[in-house]
Structures are given as structure tokens and as C-alpha cells.
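# A look at the structure
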Amino acid sequence: MPRSKKFRRARLIVIVLVVLLVAGAGYGGYRGVAAVRASFPEVDGSVKVAGLSAPVDVKRDANGIPQLYADTSEDLFRAQGYVQAQDRFWEMDVRRHITAGRLSEMFGDSQVETDSFIRTMGWRDVAQKEFDSQLSPETKKYLQAYAEGVNAWLGEHPGGASASLEYALLGVANGDYKPEQWTPVDSVSWLKAMAWNLSGNLQEEIDRSLLAQDFSPEKIAELYPEYPYARNGTIVKTGTVAGETYRPADGSAPPAGAAGGTGAATAQGAAATKAMLKDVTDRIDAMPQLLGRQGQGIGSNSWVVAGTHTTTGKPLLANDPHLGPGLPSVWYQMGLHCRTVSAACQYDVSGFTFAGMPGVMIGHNKDIAWGFTNLGADVTDLYLEKVTGPDTYLVDGKEVKFNLRKETIKVAGGEDRTITVRTTQTGAPLISDQSTEQQNVGKYAPNGTSAPDRSTTGYGVALQWTALDPGKTMDAVFTLDRAKGWDDFRAAAKDFAVPAQNLIYADAKNIGYQAPGTIPVRGKGGDGSYPAPGWDSAYQWKGSIPFTALPYSFNPAVGYIVTANQAVVDPSYKYLLTKDWEYGTRAKEITEQIDAKLKNNGKISPDDMQGMQLDNTSVLARTLVPLLLKVQIDDPYVREAQDLLKDWNYHQDADSAAAAYYNGVWRQVLSLSFGQKFPADLRAEDNCLLVRRQTDPTKPDSSTQIVTECGTRDPGKAQPDGGDRWTEVVRQQLEKPDSGWWTYIDSQHHEQKGLDNLLAEAMKNARQDLTALLSKDVSTWSWGRLHKLTLREQTMGSDDSSLASGAVQRLLNRGPYRLSGGSGAVDAAGWNAAAGYEVDWIPSMRMVVDLSDFDASRWINVGGASGHAFHPNYNDQTDLWLKGKLLTWSYSPDAVEKSAKNKLVLTTG
């Protein structure tokens, strides 16, 4: 992240520390180790924590996972703040600077553009409004208690090496920096980062607009095919909406009393719009990716099976969210227990939390269990705005004024920067003011036939997003944590505004599903596929879908519920949730595995649930490999690799040579058929391909020539990325052997046509690629040697721009690890085919909850509990996660006591 010269000098200290730590001997080694260990948390004995009304017990197991026991709710969350700060305060501090647009105060002028973009959206301002006007008094009380706990720890560790190694490094470059007191709004702001990374189809909207410079709407539609409802199904059988009330159609019965435009732009205007769009993408790419890259491929698996179908006689629930990898893990495992559950102390909950935010996000309490997957609802829209002056724009033929505000960005070691943020009357910030990609959107996006003239610099681009309206999601977290049944669960879901998630549910007798979230109702003609015309008020949002109309399922007749980012409902549903569902490959695989287990009255065990999470089958390979084997290959060098695919079982095991070659071929198929044809704005930077371009782009009838053209996009967001959408695109095109997409330019600069020819070329290119990356001997190939995961510390350890970066990475990062799985597999170790084979999406945690015995439940995290690089619990769970193993999840007081390795008492201060 940080890239200033001053910060590079700070990294030189890392080399010294590495020498001291590695040497590990003599006085110097002792001092180096002591300096690092000074920041490790106290885990035994007792410490005073200001504000506690009574002692709180903190019991940690061998993995450093804390279980807290208190007498009041406020003491419980006060202690949670203290303990999370012990393990993760550096992470928490950086996160709050991200969400507030204040990274430059820590890292200098390299972060000014990122801060400008976040300030333009105003995450922190929205969080402040939520705290001031939306949240319940009880929630505010808990947030304040959590902040007091963090600050109690901070009072003992005001900065420097005693807080963490990273503060020692930062101090060399920015010696004036001292962490501020934690506030309740710091916690609420994290919800904006969550919502940003899980916000649906914003990138698809941008990409369609950039594709419009080269492709017709019909060709673009082939790249975004309709969801295969008949083949992959939906989460619920689509019911009906009578008035504003949803009625299920899948046998569900809640208990009694349960609560784009199509016109083409002009050549000059289109060129301007393209530049505007590209600028927005560039700025989004530069955003810190706290949960993974925004929008791209974010998935997850969850499913719940009714007790009538399980070996335990009670429901089983599994969940594994797919997020970007990093250290420390985005998740923090924790138990929050009231010694006696009562009105004074309402919680007995355990699960996965976010460091910096009170409560448990995913897990179970003594009555219910729940899990999340991304619903994928389209909650963001871009609007093209006809800007007529510094403070005016056009709506319905009249000039109206922007709302203007100034934002001052303080820069460590530099001068303050002041930006002007322009916001429309609907509350949508003009993000193209701070973003090159959004400027390209304004230049190239289709704009309809009745649009005002587009200037040479394109339209402005505004972002309408539900997360920019204050909501009550923080209330929902606490309601969920103390829920006693289905009614309480749905009450929590009603307040869960952003990000919209698929919520699955289980109690001892029931299973359920609820779609929550603030999801907009669009005006005329708008479906979120392309930027909407901001100059026509008819396209403005018309409110949101009523919660009572959102789909749910309770005890469906089939006896299980699967959510893996597939479509929630079919197009017969009254409201539009999105046009950009994930395509349901994982959901269909999970469903088929469940059905196979239940065949002939079979039962599903906890081991079965765990095993399903590790399914690494490439579903498309079942269709594509037979076609590859039919292609006549004369070159024995290539045929040797082709033969690897014979008798392959389509499992993408880390040690599989066939999986390595297949994925190499898959990457080449995408490059030849689509990558060669895409504009540079969508292809990975420095990925140079032979492409056909017009000699004069301003003249549609000009001749064409073959040229070498390099992409310009950040590799992690380049296209075609090979994700679930691309499996559906290729599946449909495989039925058309003469499709124009199978026309390509071969290595001899000759244009070739036809599916068989392209497959032969892809196999030849893959053979050459893997030979260069692995060896000539195909018997030594393995998928894991290509498909590697490096866990990078997300602030200092991710930067490779300085001389000392190698030392930083060795100090803070872990890996690389060789992984099984793939982008479309249930074991979703995702990779971007447009960029390479490196893993950039993973099952960030896994859990299996057993409602018959919570102590028999299982969980695992990537990394570990600690955020301190040399702590034993920094990365102690990763090897188990790699092997598909889960830890025993102790919950009852007796089980926690038995597993406790360390005991700390937080006493009244």
C-alpha cells in the first residue's frame, strides 16, 4: 500500500530486524526478539480495564481463540474491545483510516488518491449519521462500551513497538504519528467497507460500458448470458408477492405469528466516455481491498440440512465465505458469553467476528445458528450527468445545483490537499471528479437516443449506492446474536440493510432462509446493466423493495437449502434483484451431492458436510475435455500433454498434472477467443496480445491491421477472468462451432477460424506456457506448482516497490502454498485467467455447526487469531485449512474450560 520514498527508507529498519531475528543468538538477537515480543498480548494473570463493573474472564485455547465471560452486556463488549485490540489493533487502526479516507495521515502522499475517492463517497460521514440518528440506544451503548475497551488497551500501549512491530516501522518514516482514541463510529464505518466489497455488479456495469466502444449490444449480451434457471435452479422456488407480502412456493410455511440504454454514442462522445470510465476503474483498482477486490468473483457457499435427513437427528449448517486472502485474516474467532443470560446480560454467542466491530457476524448462540453468502443484489447504479458548470448539471431540461463540500486531506510529511466533492440532489457523489475510470464511463457508456450532447470530456459519472444512506445494520448484528428463534432472526434480517446477504438459519427443529437488504426499485427502463441517464428524473430510484416482499423459505419440503450465489428467484418474481447473478455452478454441485447422499433414505453426517466443502471438481471440464481429446494433434510434443487429459477425473488436486494442463488450456481458450478482441482497458496491464485494430479508429470503415497491444487494467480485475460467468459464456458458444468468437490470430500472425482450430492452438500454447513455467517433462507437472497462494500482510507486506520489500515480505507474509481447487469449484481457490495462476480468492473460513451438540461443531480460519507477525497464533491454522481439516469448536462452559490453555482476568480499574 504505502509507496513514498520516505516510507521506503523506513523499510530499511526491517533488514536490521530480520538479521536480529534470524540470528537469534547473542545479545543483539535477544534484543531483537524481545522488541518483537513486547507487543504480544498478556494472556495469563490479571489486568485492570477501566470501566468494567465486574471481572471478565478471558479463556484462550491453544490456537489463541478467546472465550469471554461477563456479568453484563456492556462488560462483555468492553472486554471484546480490549481483547481484539490486544491481538489486532494495528489492523483496526489501518482499517479505520481507510474507511475515513485518512490513510495519507499514516503513509504519506502515496495514499492521497485513495483518500480522495473514499472522501468523495463519504463513508465516515454516513457512519456518523447512522450512529447519530438510526441506531437504537442499546446499540449505541454497546458500541461505546466496545470503544472504551479498545481505549483501555490503547492507554497501556500508546504507540511504537509496544503496540506492534508495524508501529515501530511506521515511526521511522512518520515519527509524529500516534493512534487516536477509538470511537463508536470507527466500528460502524467498517460496515461501509463490507458493503463496498460486496456491492454487486458495479464492475459489470463499468465493463459493459467499456465494451460498448467495440461491440454491439447483441455481442455484449453474449458475454453476459442469461442465468441458466432450468439447469442450475434458484435458492427458493419462486413464490408470489401479493400487495407487499411474499408468499413462498416451495412448501414453506412460517410458524404462526411469524414476522440501460441501447442507443449508440457519437464517435467523439464515445471516446470521451471511454476515458471517463477507465479513470473510474483505475481509482477503484487503487482502493484497499479489505475483503478482496470489489465485486469480482466474490462468492461463498452455505447450506443447511433438516434433522430428518442427518445422522444426528438435528439440522447441520455449513458456511465458507470466499474472500480475498491476506494476513491477518479478515475473520477473528471469538466467544461472547454471559455467565447468566438475563435482561442485564443477553448474549451467549460464538463465531466469526470482525476486529474493530463488536458482536459476532457469523456463528451460533444457544438457540440458533446462521451463515452468510453474498446475495449479489444490484445496489449500485452509475448515472451519466450532463455537467453544465462548476456547480450545475442538467435534470429534465433544467439546470440544478450540485451540493458542494470541501474535504481537506492531511498528508504525513507533506502539504494538506483540499478537494471539492460534488453531489447530486439525490445524494449521489460525482465520483468521476476523482476517478479516471469513471471518466471513461462518462465518455463511452451508451447514452440512449434522447441524450443531451456529450462534451469532448464526456459526461460526469455519479454513484447511487444504498450504503450511502444511513441504515440500521449494526442494530441487526446485536439482534441476530441474541435471537431465540425464527421470528427474532427475521427481525434482525429486516434491519440488515447493507451488504445484502443470503441468510441461512437453523434451530433444533427448523431450517430457513431469508433475503434481506435495502434493494432499490428502479425507475423507467433502468435495470442496472448500463449507466442510467441522470438528466432524466424518470430513471431515479423509486424507493426500495419492502422487507415483507423479499423471498424467504422455512422448512421447505425438500429438507435442505443451498445458497452459493446462484439466483434467489426466477424472473417471475415481482421485483428486480439483479441482472448479474453468479451462474450457479457451485450451487448445482452442492445440491447434487446432497441429493446423492439422501438417495434411498440416506443420511448426511457432519463429516459429509465437511467433505462437500472440499469438492474441487471442474464442472466445465466435463464438457470441454471430451472436445479437446477429439482434436487431431500431429505434434507429439503437444500430444504428450493432451494425453494427460485421458482418464482424468476432473478433480483439481494440487498434485494433478492433468489439472495443471487443463487450466493452462482453459486460460489460452479465453485469451484467444475473447482476450484478443477486448479493448486494452479490460485486459491485464503488460499482457500484450496480437489484436486486429482499425487503422483509423475515428473512421468505422477504415481498413484493419494486426498489431501488438498491451492491456492497461490492474491484473486482478482484468477480463476474461475465467470465473463462473465465463464458464457459461464458453458453454453456450461451444454449441456454435462457427461462432465469430472462435476467430483468432495465431502465433504466425495469421487469422484463423473455427472451434477445432482454436482448441488446437490453445493446447499448443498451453504446452509452451507450462513448459516455461514448470518443465519440459510433463510427469513433473502439478496444479499446485502453478496455483499458489501467498498470504500477504495487507499494509506493509503487500508492497514490492522498494529495495527492502523482499525483507518486509519475508517478515510479514506467509507462503506460497500449493492449492487444490479452482474458480468455479465448491473449493473455490479462485484465480484470474487473464492475469496468471496465482490464487486470489479463497474459502476465508470454514464452519460446520451441529445443532444436536454445539460442542461437536467445527471451524477453521485462514491465518490465526493474532495480528502479530511472530506470534505462535499468527498463522497456526493455515496448514490445517490447506488439508481441509477443522478445529473442534468448544462452546459450553465445560468444553471451553477443558480446552483452555491460558486464562486472563480483566478486573475493574
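Residues numbered from 1 in each chain as written. Predicted model: local features only at pLDDT ≥ 70, side-chain atom pairs only at ≥ 80, totals over all residues. Heavy atoms only, no water.

So, on to the state of the cysteines. By the definition in use, this model includes 2 disulfides. Covalently, Cys338 is tied to Cys345 through a disulfide, its sulfur atoms 2.0 Å apart. The chirality of the disulfide connecting Cys338 with Cys345 is left-handed, given an S-S dihedral of about -85°. Accessibility classification places Cys338 together with Cys345 in one group, the buried group. The side chain of Cys688 participates in a disulfide bridge whose partner is Cys710; the two sulfur atoms lie 1.7 Å from each other. Its S-S torsion of approximately 95° makes the covalent link between Cys688 and Cys710 right-handed. (Disulfide = S-S within 2.5 Å. Buried < 20%, exposed > 50% of the residue type's maximum accessible area, 1.4 Å probe, protein only.)

Summed over the entire model, instances satisfying the criterion amount to 47 aromatic pairs. Taking the centre distance of 4.9 Å and the plane angle of 45° together, the rings of Phe77 and Tyr142 count as tilted. Taken together, the residues span a long stretch of sequence, with Phe77 in helix α3 (residues 73-99) and Tyr142 in helix α7 (residues 137-156) at a distance of 65 residues. Residues Phe77 and Tyr142 agree in their burial class; the two are buried. Put simply, the rings of Tyr246, Trp486, Phe489, Tyr505, Tyr552, Phe554, Tyr573 and Tyr575 touch in pairs and so form one group of aromatic residues. (Phe/Tyr/Trp six-rings, centres within 6.5 Å; stacked < 30°, edge-to-face > 60°. Helix = DSSP H or I, 4+ residues; strand = E, 2+ residues; numbered from the N terminus.)

Adjacent strands of a sheet pair through backbone hydrogen bonds, lying either parallel or antiparallel. The sheet built from 11 strands is open, its strands ordered β1-β35-β2-β3-β8-β9-β10-β11-β19-β20-β22 with mixed pairing. Every interior strand has two partners, whereas the edge strands, β1 (45-49) and β22 (552-554), have only one. When strand polarity is set aside, the average angle formed by the axes of neighbouring strands in this sheet is 15°. Pairing between strand β20 (residues 511-514) and β22: 3 bridges, direction antiparallel. Of the residues in β22, the one forming a bridge with Gly512 is Phe554. (Pairing = 2+ DSSP bridges. Axes fitted to C-alpha atoms, helices over the stretch in contact; angles between N-to-C directions.)

All right, on to helix α15 (residues 473-481) then. For an α-helix, 3.6 residues make a turn, and residues three or four places apart therefore share a direction. The buried fraction of α15 amounts to 9 of the 9 residues, a majority that puts the element mostly inside the structure. Taken as a whole, α15 has its buried residues at Thr473, Met474, Asp475, Ala476, Val477, Phe478, Thr479, Leu480 and Asp481.

As a further point, take the nonpolar core. For soluble globular proteins, the rule of thumb is that nonpolar side chains tend to be buried together. Core analysis: the biggest nonpolar cluster contains 232 residues, and Met361, Trp465, Tyr573, Tyr661, Tyr662 and Leu906 have the highest contact counts within it. Not counting residues within four places of it along the chain, the set of residues in contact with Tyr661 comprises Val638, Ala641, Gln642, Leu644, Leu645, Met763, Ala766, Arg767, Leu770 and Trp781. Counting residues in each nonpolar core, the second largest holds 10 residues, with Val395, Phe402, Ala428 and Tyr539 among its members. (Core = buried A, V, L, I, M, F, W, Y, C linked by side-chain atoms within 4.5 Å. Contact = heavy atoms within 4.5 Å.)

What follows deals with the side chain of Gln333. By the secondary structure assignment, Gln333 is in strand β8 (residues 332-338). Gln333 sits in the buried class, given a relative accessible area of 1%. Apart from the residues within four sequence positions on either side, Gln333 is in contact with Ile65, Pro66, Gly351, Phe352, Trp859, Ile860, Asn861 and Gln877.

Between Leu327 and the following residue, Pro328, the backbone shows a cis peptide bond with an omega angle of -10°. Structurally, Pro328 can be placed in the loop between β7 (316-323) and β8. Residue Pro720 is reached from Gln719 by a cis peptide bond, and omega for that bond is 0°. The phi dihedral of Asn601 falls on the positive side, at around 65°, and the residue is not glycine. Inspection of the secondary structure puts Asn601 in the loop between α17 (585-598) and α18 (606-612). Look at Asn601 and you get exposed, because its relative accessible area is 74%. The phi angle at Tyr650 is positive, at roughly 70°, despite the residue not being glycine.

The packing of two helices is summarised by the inter-axis angle and the distance between the axes. Packing of α15 against helix α16 (residues 486-495) leaves a shortest axis separation of 7 Å and a crossing angle of 165°. By the angle between their axes, α15 is roughly antiparallel relative to α16. Both α15 and α16 take part in a crossing whose hand is left-handed. Here Thr473, Asp475, Ala476, Thr479 and Leu480 of α15 lie close against α16, whose contacting residues are Asp488, Phe489, Ala491, Ala492 and Asp495. Looking at the contact of α15 with α16, its residues break down into 5 nonpolar, 2 polar and 3 charged. (Parallel < 35°, antiparallel > 145°, perpendicular 65-115°, else oblique. Left-handed = near helix turned anticlockwise from the far one by under 90°. Nonpolar A, V, L, I, M, F, W, Y, C, P; charged D, E, K, R; others polar.)

Enumeration according to the criterion identifies 44 salt bridges in this entry. Residue Asp186 is joined to Arg124 by a salt bridge in which the shortest nitrogen-to-oxygen separation is 2.4 Å. Pair noted here: Asp186 is in helix α9 (residues 184-197) and Arg124 is in helix α6 (residues 123-134), with a separation of 62 residues, a long-range link. Overall, the relative accessible area of 7% leaves Asp186 in the buried class. Residue Asp125 is joined to Arg405 by a salt bridge in which the shortest nitrogen-to-oxygen separation is 4.0 Å. (Salt bridge = Lys/Arg side-chain N within 4 Å of Asp/Glu carboxyl O.)

By the element assignment, Gln111 lies in the loop between α4 (104-107) and α5 (112-121). The sequence separation of Gln111 and Gly101 amounts to 10 residues, and the corresponding C-alpha distance is 9.0 Å.

Below, the discussion takes up the packing of α7 against α9. Remark: α7 packs on α9, axes separated minimally by 8 Å, with the N-to-C direction vectors making an angle of 110°. For the element pair α7 / α9, the angle class is roughly perpendicular. Contact with α7, carried on its side by Leu143, Gln144, Tyr146 and Ala147, involves Pro184, Ser187 and Val188 of α9 and no other residues of that element. In the contact of α7 with α9, the residues fall into 5 nonpolar, 2 polar and no charged.

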